[in-house]
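# Residue-level structure breakdown
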Amino acid sequence: DQIAHVVDMLRCAERPVMVWGSGIRLAGAVDLARQLAEYWQVPVLTTWGAKDMLPADHPLNVGTFGTHGTRAGNFAVQNADFVLAIGSRLSTHETGSPLKDWARCAKVAVVDIDAAELQKFKVFHRPVDSIIEADAGAVLAALLIKDVPTLGISLWQKMIRNWQKKLRNLYTLISKQIS
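These remarks concern the structure in this document.

About the thresholds
Residues numbered from 1 in each chain as written. Predicted model: local features only at pLDDT ≥ 70, side-chain atom pairs only at ≥ 80, totals over all residues. Heavy atoms only, no water. Salt bridge = Lys/Arg side-chain N within 4 Å of Asp/Glu carboxyl O. Helix = DSSP H or I, 4+ residues; strand = E, 2+ residues; numbered from the N terminus. Pairing = 2+ DSSP bridges. Axes fitted to C-alpha atoms, helices over the stretch in contact; angles between N-to-C directions. Buried < 20%, exposed > 50% of the residue type's maximum accessible area, 1.4 Å probe, protein only. Arc of directions from axis to C-beta. Contact = heavy atoms within 4.5 Å.

### Focus on the pattern of salt bridges
Should their charged atoms come close, side chains of opposite charge can pair. Scanning the entire structure with this criterion turns up two salt bridges. The salt bridge involving Asp52 is made with Arg25; its shortest N-O contact spans 2.6 Å. Residue Asp52 is located in the loop between strand E2 (44-46) and strand E3 (61-64), and its partner Arg25 is located in helix H2 (residues 23-26); the two are separated by 27 residues in the primary sequence.

### So, the sheet that holds strand E1 (residues 16-20)
With respect to topology, six strands assemble into an open sheet ordered E3-E2-E1-E4-E5-E6, the strand pairing being parallel. The sheet terminates laterally at E3 and strand E6 (130-133), the two strands that pair on one side only. Direction aside, the axes of adjacent strands within the sheet are offset by 15 degrees on average. The sheet contact formed by strand E5 (residues 107-112) and E6 spans four bridges and is parallel.

### Description of helix H1 (residues 2-12)
Owing to its 3.6 residues per turn, the α-helix aligns residues three or four sequence positions apart on the same side. Taken as a whole, H1 has its buried residues at Ile3, Val6, Val7, Met9 and Leu10. For H1, the buried positions fall inside an angular range of 160 degrees around the axis, keeping them on one side. Residues of H1 that are buried make contact with E1, helix H3 (30-40), strand E4 (82-86), E5, E6 and helix H7 (136-144).

See the structure below:
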């Protein structure tokens, strides 16, 4: 039922993103995560612990997010309407503070094996639409066998690519002016 709920939220999404954390690596599921991202064609944000799981030049790689993340990554997560976080404890380095303001307009599904990490959302008043306490690899495998129709998110993907390009160019311009 929980997997079906995640798939239903994805089907309804116009601006979905996936957040990958190091729990994916610990589960031995990096290849499954890549397969799922490519199957769904959903943009991927990574935590620092997962930064190397998707090549930097991969078309679905938005980059990192949070206090040490990229501007495009932060724009994407804050403008998403659905976030699927897998194997990430979503620390304040990623979400900022207060937690209730993170991904403020998005439905959120969180997959983590650590029950204590899942409980913090209630404590910090951040509603989560689906909490799945499970191994990241098991959830990724279950999601891969679900039939998901082609998502109409090409405008969302284009918007993210534009943010990446414009904000990277802005960073380059500012760096040149400083040096």
